[in-house]
Amino acid sequence: MAEHDTSQERTEQPTPKRLQDAKKKGQAARSRELNTTAVLLSGAGAMIVFGGAMGEKIAGLMINGLTLPRELAYDPRLVPTVFGESAMAGLLMLLPLFAAVLVATLAGPAALGGLVFSAESIKPKLEKLSPIAGLKRIFSLNGLMEFAKTLVKFVFVTGAGLLVLYHLTPELLMAGESSVETAVPGLAATSLWVLLVLSAVMLLVAAVDVPFQLWNHNKQLRMTRQEVRDELKETEGRPEVKGRIRRIQAEMSQRRMMMAVPEADVVVTNPTHYSVALKYDPAGMAAPRVVAKGADEIALKIREVAAASGVPRLEAPPLARALYFTTRLDQEIPAELFLAVARVLAWVYQLRTAGAAAPPPPDGLDVPDHLTRRQPGRRI
């Protein structure tokens, strides 16, 4: 059976439901290179903005740490206190850098596949312990891409780092001969250059990795045509279920309609194929309204309920067809039928006053011929 055929090609794009279900399971496009680049760039940005102040504070901490107070040599109990104060000052000094790196750590994944929190991704899976599955992952397209990226990163990042350090060798050597106040800001500037160069290299790697990860994620979520059809059935409901719902709704609507027949003023019939029940309340209606209508079996049921309730019945085939084809339930009649329906209601009022002696309205009732046929595209 095609429904269980797993050999079908996955040629269809993933549906929104498929993407949403994948996110619930923790499956989203991810690029570690983009995350690394974002962290490096945020670190470089923090160094540009706060690097000068941080360098001066680091120099001050080093000077204070190297010039120990006299009482510290005679009272070792003061060492934890002095060390704690220095550690707290260092953490407060590095707080802007930590905050920038934290924001970048969250912004990288959010920019590519969105932030996804799912317990499914951390559940232990036995298939991950299978050596065969592990070999398949290693020698898959994604595994080869990861190996290529690692090799490229090692070559380019190491080469760029060595090149920067080679050009900055004089500054590094001079730092060893300089005072703390001069050496620390110089080393901060050197660190900034290293971060900028590494960020530039990682930008090139991420520019290749991000499109690949998006393509690979989309490829993994592709669907067969049968899967798309099955999902459509699950989303919109299977045809047999929808048919049953429509039948139940029709039955409920029919019961409500039959309950309205005893309150009608008159039932106009074809005489056998169509029946339309009309009601008019001058105090609350601008025009007579259709409270029930039907064809064949439903028409017969309307006539039976009307007879049992004492609702007058008039056989007027052109008017019955016109009312059936041009109106819907609880809808006022069209203006073209006002005169004909007014004559019918006048006959009803005569019945209420004069009884069965009231003469019926004339045949035809001046109903336009084009209203007695179903109009194309009009719902009944």
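The structure under discussion appears in the preceding block.
Residues numbered from 1 in each chain as written. Predicted model: local features only at pLDDT ≥ 70, side-chain atom pairs only at ≥ 80, totals over all residues. Heavy atoms only, no water.

Participant: Quick one: what's the story with the overall build of the protein chain, residue by residue and with numbers?
Facilitator: Secondary structure assignment for the protein chain yields 13 helices and 4 strands. Residues classed as buried in the protein chain amount to 31% of the 380 residues present. In the protein chain, 77% of the contacts between residues at least 6 apart in sequence involve partners at least 24 apart. Counting only carbon and sulfur atoms, one obtains 64% of the accessible surface of the protein chain, whose full area is about 24,400 Å². (Helix = DSSP H or I, 4+ residues; strand = E, 2+ residues; numbered from the N terminus. Buried < 20%, exposed > 50% of the residue type's maximum accessible area, 1.4 Å probe, protein only. Contact = heavy atoms within 4.5 Å. Areas by Shrake-Rupley, 256 points an atom, 1.4 Å probe, with all protein chains shown as cover.)

Participant: For the nonpolar core, give the residues involved together with the corresponding values.
Facilitator: If you look at the biggest cluster of nonpolar residues, it comprises 25 residues, and the most contacted ones within it are Val 266, Leu 278, Leu 319, Leu 323, Leu 337 and Val 341. Listed by contribution, the elements that provide at least two residues to this core are strand 1 (266-269), strand 2 (274-279), helix 12 (317-326) and helix 13 (338-354). Discounting chain neighbours no more than four positions away, the residues touching Leu 319 are Val 268, Leu 337, Ala 340, Val 341, Val 344, Leu 365 and Val 367. If you look at the next biggest cluster of nonpolar residues, it comprises 12 residues, including Ala 264, Ala 292, Val 305 and Ala 306. (Core = buried A, V, L, I, M, F, W, Y, C linked by side-chain atoms within 4.5 Å.)

Participant: Outline helix 11 (residues 297-309), listing residues and values.
Facilitator: The end-to-end C-alpha separation of helix 11 is 18 Å, in line with the 18 Å expected for 13 residues at 1.5 Å each. Regarding helix 11, the residues found buried are Ala 299, Ile 302, Arg 303, Val 305 and Ala 306. Across the axial projection of helix 11, the buried residues extend over an arc of 165°, all falling on one side. Exposed side chains of helix 11 directed beyond 90 degrees from the buried face belong to Glu 297, Ala 307 and Ala 308. (Expected span 1.5 Å × (residues − 1). Arc of directions from axis to C-beta.)

Participant: A description of the pairing of strand 1 should follow, citing residues and the corresponding values.
Facilitator: Alternating residues of strand 1 divide into Val 266 and Val 268 and Val 267 and Thr 269, and every residue in both groups is buried. Inspection of the sheet shows strand 1 paired to strand 2 by 4 bridges, in the antiparallel sense. Residue Val 266 lies in a different strand from strand 2, and its bridge partner there is Leu 278. Once strand 1 ends, the chain turns through 4 residues before running back antiparallel as strand 2. (Pairing = 2+ DSSP bridges.)

Participant: Break down the side chain of Arg 303 for me, citing the residues and quoting the values.
Facilitator: Within the element layout of this structure, Arg 303 appears in helix 11. Of the side chains with opposite charge, Glu 315 lies nearest to the buried Arg 303, which makes no salt bridge, at 7.3 Å. When residues no more than four places from it in sequence are discounted, the contact partners of Arg 303 are Thr 269, Pro 271, Thr 272, Tyr 274, Ser 275 and Arg 313. (Lys, Arg positive; Asp, Glu negative; His and termini not counted. Salt bridge = Lys/Arg side-chain N within 4 Å of Asp/Glu carboxyl O.)

Participant: Any details on the pairing of strand 2? Residues and values, ideally.
Facilitator: Of all 6 residues that make up strand 2, 5 are buried, and the element is covered over most of its length. Sheet topology places strand 2 next to strand 3 (residues 289-295); 6 bridges connect them, and they run antiparallel. The partner of Ala 277 across the bridge, within strand 3, is Ala 292.

Participant: With reference to specific residues and values, describe the pattern of salt bridges.
Facilitator: Per the counting criterion, the structure on display carries 7 salt bridges. Among the salt bridges present, the one from Lys 17 reaches Asp 21, with a minimum N-O distance of 3.0 Å. Residue Lys 17 and its partner Asp 21 are located together in helix 1 (residues 16-24), separated by 4 residues, close to a single helical turn. Between Arg 289 and Glu 332 there is a salt bridge; the shortest N-O distance is 3.7 Å. Note that Arg 289 is positioned in strand 3 and Glu 332 in the loop between helix 12 and helix 13, a separation of 43 residues in sequence. Glu 332 sits in the partly exposed class, given a relative accessible area of 32%.

Participant: Provide a residue-level description of a nonpolar patch on the surface, including the pertinent values.
Facilitator: Taken together, the side chains of Phe 147, Leu 151, Val 152, Phe 154, Val 155 and Phe 156 define a hydrophobic patch exposed on the protein surface, amounting to about 640 Å² of accessible area. Position of Leu 151 among the secondary structure elements: in helix 6 (residues 141-167). By relative accessible area, Leu 151 is classed as partly exposed at 48%. (Patch = residues over 30% accessible without salt bridge, like charges linked within 9 Å, V, L, I, M, F, W, Y side chains within 5 Å.)

Participant: So what's going on with the environment of Asn 142? Residues and values would help.
Facilitator: Residue position: Asn 142 is located in helix 6. Classification of Asn 142 by relative accessible area gives partly exposed; the value is 27%. Once the C-alpha coordinates of Asn 142 and Asn 216 are considered, the two residues, 74 residues apart in sequence, prove to be 7.8 Å apart. Sequence-distant contacts of Asn 142, defined by excluding residues within four places in its chain, comprise Phe 212, Gln 213 and Asn 216.

Participant: Give a detailed account of the packing of aromatic side chains, specifying residues and quantitative values.
Facilitator: A full pass over the atoms with the stated rule returns 4 aromatic pairs. Ring geometry for Tyr 324 against Phe 325: centres 5.5 Å apart, planes inclined by 80°, an arrangement best described as edge-to-face. For Tyr 324, a relative accessible area of 14% corresponds to the buried category. Ring pairing ties together the aromatic residues Tyr 274, Tyr 324 and Phe 325, which thus form one cluster. Above the ring of Tyr 324, the side-chain terminus of Lys 293 is found at 4.9 Å from the ring centroid. (Phe/Tyr/Trp six-rings, centres within 6.5 Å; stacked < 30°, edge-to-face > 60°. Lys NZ or Arg CZ within 6 Å of the ring centre and 35° of its normal.)

Participant: Pulling in residues and values, what's your account of the sheet that holds strand 4 (residues 313-315)?
Facilitator: With mixed pairing, the 4 strands of this open sheet are ordered in space as 3-2-1-4. What marks the edges here is a single partner per strand, and that holds for strand 3 and strand 4. Across this sheet, the average inter-strand angle for adjacent strands is 20°, counted without regard to direction. Here strand 1 pairs with strand 4 via 3 bridges, running parallel. Note that in strand 4 the partner of Val 268 across the bridge is Leu 314. Set on the sheet, helix 12 makes contact with strand 1, strand 2, strand 3 and strand 4; between it and strand 2 the angle comes to about 75°. (Axes fitted to C-alpha atoms, helices over the stretch in contact; angles between N-to-C directions.)

Purely geometric stuff here, so don't read any function into it on its own.
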